[in-house]
Amino acid sequence: MLSIRDLTAGYGDTQVLFGTTLDVRPGEVTAIIGSNGVGKTTLLRTISGLIKPTGGSITHNGVEIGGRPSDDIVERGIVLVPEGRRLFPRMSVRRNLELGAYSKRARKHLAERLQYVFDLFPILKEREQQLGGTLSGGQQQMCAIARGLVAMPEVLMLDEVSLGLAPVAIARVYEAIKAIRDTGVTLLIVEQNISQALSVADRAYVIQHGRVAMSGTGRELAQNADVKRVYLGLAPQREDAK
Ligand SMILES: Nc1ncnc2c1ncn2[C@@H]1O[C@H](COP(=O)(O)OP(=O)(O)OP(=O)(O)O)[C@@H](O)[C@H]1O
Ligand SMILES: [Mg+2]
C-alpha cells in the first residue's frame, strides 16, 4: 500500500532521514519505534507532504507521491493525526469532528463518517455538545483520532497517541487502535510507549539515525534481546546471553 524506499529528508541543512526503507501493508498496524529525535515525526511529516523529500521514493498503491502537496496526500486517503492532539478547546466535540471532513473525499460523507466514529467511540456521542477543552486527556485523544477518521483515511498515521496519558486512558486508546484496524483501516503508528506499540503491531520498524535498524513482527521485536535492552530497559535473558 505504502512503499518507502531510501527516503532522505530534513530541515534546510539538517538532514534527518538517511535512506529510510519500509512498507506499510494493507489492513495491518505498522509501528515505528526509536529514541527521541531519530526522525519518526519527520518521516510522518514527509509522507504527509508537509516536508519535501530530498531523495528516495514514497509510493502509494504504485503511484509516486513523494513531494506532493499535503492536500493531495489527504485526498488519496493518507491522514496524519499529529502529536499533541490539537483540538479546538472552545469548539464542541461535534464541531471538532466536522473539521475532519475538510477534504473533498470526506465532505460528501460527513453524516456517515460521524456515525462511524460515534459507533467506535460512544463517549464522543455522549459528549457531542461539550467543548473540546472540557474533555479528559484520554477523551481529547479519542476525539483527535476520530477527527482523523472523519477524513476517510485508507491509511491513518498516529504520532505518539499515548504520550502524557494515564495508563487506563492508554489502554483505551490501544483498544481503539485494534477496533479501527478491524474496520479495515490501515494504521501507521509512531510510539514512545514501545511495549504497547509492539503488542498491537503486525509489523514494526526500529529507526536509528534516520534509517531502519531492525524490523520484524511486533512479537519478534518484543522478544528481541537488543530491543529489550535498549528500548524496554530489561536485562537480557540467560538464553540470549549465551
Ligand atoms: N522544524 C525543525 N527544524 C529543524 N530541525 C528540526 C525540526 N524539527 C525537528 N528537527 C530535528 O530533527 C531531528 C528529528 O526530529 P523528529 O521530530 O523527527 O524526531 P522524533 O523521532 O519524532 O523524536 P521524538 O521522539 O522526540 O518525537 C531532531 O534532531 C530534531 O531536533
Ligand atoms: Mg516525534
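Conventions and cut-offs
Residues numbered from 1 in each chain as written. Chains lettered and ligands numbered in written order. Predicted model: local features only at pLDDT ≥ 70, side-chain atom pairs only at ≥ 80, totals over all residues. Helix = DSSP H or I, 4+ residues; strand = E, 2+ residues; numbered from the N terminus. Expected span 1.5 Å × (residues − 1). Buried ≥ 20, exposed ≤ 12 C-beta atoms within 10 Å, placed from the backbone. Arc of directions from axis to C-beta. Contact = placed C-beta atoms within 7 Å. Pairing = 2+ DSSP bridges. Axes fitted to C-alpha atoms, helices over the stretch in contact; angles between N-to-C directions. Near = placed C-beta within 6 Å. Nonpolar A, V, L, I, M, F, W, Y, C, P; charged D, E, K, R; others polar. Core = buried A, V, L, I, M, F, W, Y, C linked by C-beta atoms within 7 Å.

**A closer look at helix H8 (residues 167–182)**
Then, number 1: Here H8 spans 23 Å end to end across 16 residues, near enough to the 22 Å set by a 1.5 Å rise per residue.
Then, number 2: Among the residues of H8, those classed as buried are Tyr174, Ile177 and Ile180. Here the buried residues of H8 occupy an arc of 115° about the axis, which is enough to place them on one side. Of the exposed residues in H8, the ones pointing more than 90 degrees away from its buried face are Val168, Glu175, Lys178 and Asp182.
Then, number 3: Buried residues belonging to H8 abut strand E3 (29–33), helix H5 (110–120), helix H7 (137–150), strand E7 (155–159), strand E8 (186–190) and helix H9 (194–200).
Then, number 4: Following H8 by one or two positions, Gly184 adopts a phi angle in the positive range, close to 95°.

**Quick notes on the sheet that holds strand E4 (residues 55–60)**
Then, number 1: Strand order in the open sheet formed by four strands is E2-E1-E4-E5, and the pairing between neighbours is antiparallel. The outermost strands of the open sheet, each flanked by one partner alone, are strand E2 (14–24) and strand E5 (63–64).
Then, number 2: Against the sheet, helix H1 (residues 40–47) touches strand E1 (2–11), E2 and E4, its axis set at about 70° to E2.

**Thoughts on the site of ligand 1**
Then, number 1: Every residue near ligand 1 is listed here: Tyr11, Thr14, Val16, Gly34, Asn36, Gly37, Val38, Gly39, Lys40, Thr41, Thr42 and Gln192.
Then, number 2: Taken together, the elements giving at least two residues each to the shell around ligand 1 come down to E2 and H1.
Then, number 3: Residue contributions to the shell around ligand 1 peak at three residues, all from H1.
Then, number 4: The class makeup of the residues in the shell around ligand 1 is three nonpolar, eight polar and one charged.

**Overview of unusual backbone geometry**
Then, number 1: One non-glycine residue, Asn61, lies in positive phi territory at about 45°.
Then, number 2: Relative to the assigned elements, Asn61 resides in the loop between E4 and E5.
Then, number 3: The class for Asn61 is exposed, based on 12 C-beta atoms found within 10 Å.
Then, number 4: Phi angles above zero are rare outside glycine, and Glu160 is one such case at about 55°.
Then, number 5: Take Glu160: it is sitting in the loop between E7 and H8.

**Let's talk about the sheet that holds E8**
By definition, the strands of a sheet pair up through backbone hydrogen bonds, in either a parallel or an antiparallel sense.
Then, number 1: Taken in spatial order, the six strands of this open sheet run E6-E7-E8-E3-E9-E10, and their pairing is mixed. Each end of this open sheet is capped by a strand with a single partner; those strands are strand E6 (78–81) and strand E10 (211–216). Taken over all neighbouring pairs, the strand axes of this sheet differ in orientation by 20° on average, direction set aside.
Then, number 2: Sheet analysis places E3 next to E8, joined by four bridges and oriented parallel.

**Notes on the nonpolar core**
Then, number 1: One finds Ala146, Leu156 and Met157 to be the most contacted residues of the largest nonpolar core, which totals 66 residues.
Then, number 2: It is H7 that provides the largest number of residues to this core, a total of seven residues.

**Some words on the pairing of E6**
Then, number 1: Across the two faces of E6 the burial is the same, with Ile78 and Leu80 and Val79 and Val81 all buried.
Then, number 2: By the bridge criterion, four bridges tie E6 to E7 in an arrangement that is parallel. Looking at the pairing, Val81 lines up with Leu158 of E7.

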